[in-house]
Amino acid sequence: MATPPRPPPPVPKPRGRFFSNAATDRSNEMLSENLPPVVGDKEADSESSNEEEDTGVGQPIGLQEQKEAIAEDSISSGPSNGLVPTRPAPAPPAGKSGQPMKQKVPRAATIKVSRKKGGKKASTPRSAMVRASWLDMWKGFRHSVLWATLDGQLMCLWKKRTDQISEVLFHVSSITKVKKQDNGRFSVYFKKKHYDFMAHSEEVSEAWLTSLLACRGVASPQSSELHGPITIKDPRSRVYAALFGHDVWVYPNKDSFQLGVASYRIILNIATVKSTGKHSMNLITPHRILSLSFDSSKEMSIWLERLSSTITSALSCSKVSLRLRENAHNTMCGDCGATNPEWASVNLLLVICHECAGQHRTLSCNLSKVRSLTMDSKVWTEPLIELFIRYGNWLANQVWAPAVPAAEQVSPESTTEERSEFIQDKYRRGRYKLVHPLSMSPSMMEQRLLQVVCSDNVEETMSLICSGAKVCPSDPQSPSPILLAEKANQALQTELLRMNEYTDIPPQHSADQRGNSTPSGEEEEEELHGKLDEDRFLFSLENTSAACDVLDLREVESIFLRDEPSQDFELVTLSDQLICNADDRETLLNHFIHILKVILPGGVSYAEVGGASAASKVTVVDVGGGPPHLDAWLLLWEEGVSIHPIHRHSQQCVKMELGALSHHEMKPLENIITMATVDRSVSVRFPAQYSCQTWFSHLQTALANYSTAPPPPYTANHSSGHLYPVLDNKGTVPPAIERCISHITANGLKVEGVYRRCGLAPKVSRLVEALMASPKTAPLEPDEQGVLDAGSALKQYVRQQEALIPPSQKKKWIQAAAISDEQSRFKEYKRLLRKLPENNRATLNALFGHFYMIQVFSPVNKMSAQNLAIVLVPSLFQGLNQDLISLSREFIIHHSLLFLTPDSEQTEEEEQITIL
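Note that the structure is predicted; figures quoted are calculated from it, not measured. (Residues numbered from 1 in each chain as written. Predicted model: local features only at pLDDT ≥ 70, side-chain atom pairs only at ≥ 80, totals over all residues. Heavy atoms only, no water.)

In the structure shown here, the tally under the stated rule is eight cavities of 30 Å³ or more. Of the pockets and cavities examined, the second largest cavity occupies roughly 80 Å³. Together, I230, I232, V239, A241, V248, V250, L283, L290, L292, W303 and L307 line the second largest cavity. Only β10 (226–232), β11 (237–244), β12 (247–251), β17 (289–293) and α5 (297–317) provide two or more residues apiece to the lining of the second largest cavity. (1 Å grid on protein atoms, 1.4 Å probe; cavity = no way out; pocket = protein on both sides within 12 Å on 5 of 7 lines; lining within 4 Å. Points joined across faces, edges and corners; volume = space filled by probe spheres on them. Helix = DSSP H or I, 4+ residues; strand = E, 2+ residues; numbered from the N terminus.)

Here's what the structure looks like:
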């Protein structure tokens, strides 16, 4: 029964404002660093490794690089490695001498967050022996932020809530000691091994301690029937596996097996096994295929026979409840959080306890159909079981309760009256429901349902039904959604529709629609601190405390960059709107680009990402004869509009230049924007009205700016996809410089450390000689080393020529760079540029235009404007001065303004001369 894994459910979303106080290029640092451990212990984990050192990639280049840049006449034969680390390496653990270890705390966060209290989904209340929250965990020197769950017997640690494979797993009977530490910390011991944890507050830490201590004395599971070393081929690793009942537990090694601390387990009643060779076999589950190899054919035969018989036994004796618990969200009641629920609302895909089942019966069978997991065997068809395994409680609560105030959430200990009021609010009144964007138009919802049921998008079908879409069409002439799903061979869709054939959902008020309501200004805000971690934000209550919440960036639906001088952009998630603010524009763009790289599908060009101002997830309803109802990302960038399908195999991306748009309009009631050129028309539907209106506003602003903007500093080579600087018509650029610029632009924009890393000295010397003799035939190679050689040759060639800034004027340039007022400073820059010889001015225009293009790709090549300025100043100005570094950085960032924008003063002078 190998089925594709279900899409990940959303995690709770913070809301409100956050802003970064990171320094230049800090986003690269955030992705590479690990946090040091909280506390040292003599019983350090023998398996753990020291914390990885921060390389400082992407950070401003330090004094050592400045000195190396001055002395670069003798080019070294290797990359520069003198980047200043952002923090010292962690102190070593205490040795046998017993010297005390320095106490470690997590590194300060890079983002501040404020959100409305109660605006996010509260954690489901747990019983005394049940717990779940985010915890910071240290295994020796390795630090992780993991989602921790405890069900009274097993404690599991997951990288994300939606993961099917855990990071750490153990039975509570393996714990030898639980020790309380200070500052919200506690340690869990397993004989000679231990883990250190930190909760985001003393209250949460105390709750974990209480639960873990309450679990002490739980009987150990039965001994393993079969265990031994196994090799997993992909990725290749040597592990220790053990068979317990109907589960296979996988341990890092034999010592961990003896301690009882595993990595993950495989539930065999959803698995199959297949021999693939004399010493190998595949263990196949819906979530992962394990390719196993053994030391001998005899061992392989024993494991194959035992696993085959165990799988057969598991399938024959498996109850519905056991299979439904393959989804961890179904192990607790979807309403109150009670453990081991034995009832379900089959049309809502909700697993519930006995007390909540009684209250669901009061909702009437047209709203909730309650069935037993153990007695009503006839209703539990294989498609229905598969629906609960793949979706179950997480999808039900994603629709019905994405955000429940903590004060209103019920617990297993709640009274009958409290439980009744909560369930009536949740399902009959729909107080917490996340309604479908089309809920205001029943006819449009019915039309959308007819389209969705032909795909595997069960989540949207569930959202439509729970927002009031009728499975039985109101028009007898309309096609039946059930028949359409059957014809499309969508078994899960068919079963869900049959369960909801007569479901009658009460109408929802428009004020409840996501994106259309405004948060109350009276809501109290709380301050949080956050840190980027690959595809998520980790949030904590204090700057150095443990994570209390996580925002999965893949849940972002729209992102909008605001124009300067504003230093913020806006995120629209599944249930919230966040305003993200940074201290400077460069840091803001680093965060903005990082988020775009996470949420956009693969294949989006760096020019689009680097120049983007708005991106939204949309449904393409009309694309000039192409397939409609295509899920895609709509991207607005400097030069145009792009539509990138989420699944690229289904459709190619569509691009329209801003200057070519002949028509654009918005239909606010339908959340549809239509854009047209002479030969193409595209209509897209947004998930919410707010995103639609905001994106349309950005489009109008972009079109207005495009029509009044000066000619762009770059022209596109459509055959190669690269951008090249438009040079000044006056003056001549040396052919050697033009050749190097063209070669590096075509081949080196994505080379990490370009212009910082040096080429091979012998090749660079020969290349400089060739450029001086015959630039057109100089041997430039397109690979990475060839790009580095060309960059070093360009710097050496410029140094060997006459200074681009005459020595007699150099002092005036330094004085201009020291002017504090930006407007006055730029005016002086332009005056000095006009006094330069035309060839010098044209050469500077070409060089700084090229360096601007290099820093546009700094998220990839790690060369920001500051880094480029430090490296290039000795070559461009034949000297090193802090004012010259600042000047070079501004000439790179504001190249278009300084070189290509007409100067009003110069224009006035020319007019006067003409009159005379």
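Our next topic: the pattern of salt bridges. Here the idea is simple: oppositely charged side chains can pair when their charged atoms come close. Tallied over the full model, the rule gives 25 salt bridges. Ionic pairing is found between D335 and K426, a salt bridge with its closest N-O pair at 2.7 Å. Of the two residues, D335 is situated in the loop between α6 (320–324) and β18 (343–345) and K426 in helix α10 (residues 416–428); the sequence distance between them amounts to 91 residues. Taking relative accessible area as the criterion, D335 reaches 1% and is therefore assigned buried. Here the residues in one salt-bridge network are E408, E421, D425, R429 and R431, joined through shared partners. (Salt bridge = Lys/Arg side-chain N within 4 Å of Asp/Glu carboxyl O. Buried < 20%, exposed > 50% of the residue type's maximum accessible area, 1.4 Å probe, protein only.)

Moving on: the environment of S691. If you trace the backbone, S691 turns up in helix α17 (residues 689–708). For S691, a relative accessible area of 0% translates into the label buried. Separated by 131 residues in sequence, S691 and F560 have C-alpha atoms that sit 9.2 Å apart. Setting aside its immediate chain neighbours within four residues, S691 contacts S558, F560, V572, S616 and F686. (Contact = heavy atoms within 4.5 Å.)

At a minimum axis separation of 10 Å, helix α9 (residues 392–400) and helix α12 (residues 458–466) run at an interaxial angle of 45 degrees. In terms of axis orientation, α9 runs oblique to α12. Of the two possible hands of crossing, α9 and α12 adopt the one that is right-handed. Where α9 approaches α12, its residues W394, L395, V399 and W400 are matched on the opposing element by V458, E459, M462, S463 and C466. (Axes fitted to C-alpha atoms, helices over the stretch in contact; angles between N-to-C directions. Parallel < 35°, antiparallel > 145°, perpendicular 65-115°, else oblique. Left-handed = near helix turned anticlockwise from the far one by under 90°.)

Take the pairing of strand β33 (residues 681–685) next. Here β33 lies mainly inside the structure; four of its five residues are buried. Here strand β32 (residues 672–676) folds back onto β33, and the loop between the two strands holds four residues. (Pairing = 2+ DSSP bridges.)

To continue, consider the packing of aromatic side chains. Summed over all chains, the structure comprises 24 aromatic pairs. A centroid spacing of 5.3 Å and a plane angle of 80 degrees characterise the contact between Y251 and F257, whose relative ring orientation is edge-to-face. When sorted by exposure, Y251 lands in the same class as F257, which is buried. Geometry around W343 places R361 over its ring, the cationic atom sitting 4.8 Å from the centre. (Phe/Tyr/Trp six-rings, centres within 6.5 Å; stacked < 30°, edge-to-face > 60°. Lys NZ or Arg CZ within 6 Å of the ring centre and 35° of its normal.)

Within the open sheet, the three strands sit side by side as β19-β18-β20. Their pairing is antiparallel. One side of each edge strand has no neighbouring strand; the edge strands of this open sheet are β19 (350–352) and β20 (370–372). Taken pair by pair, the neighbouring strands of this sheet meet at an average axis angle of 30 degrees, ignoring direction. Note: β18 against β20, three bridges, orientation antiparallel. Residue pairing in the sheet places A344 in a bridge with R371 of β20.

In short, the description is geometric, and any link to function would need to be established separately.
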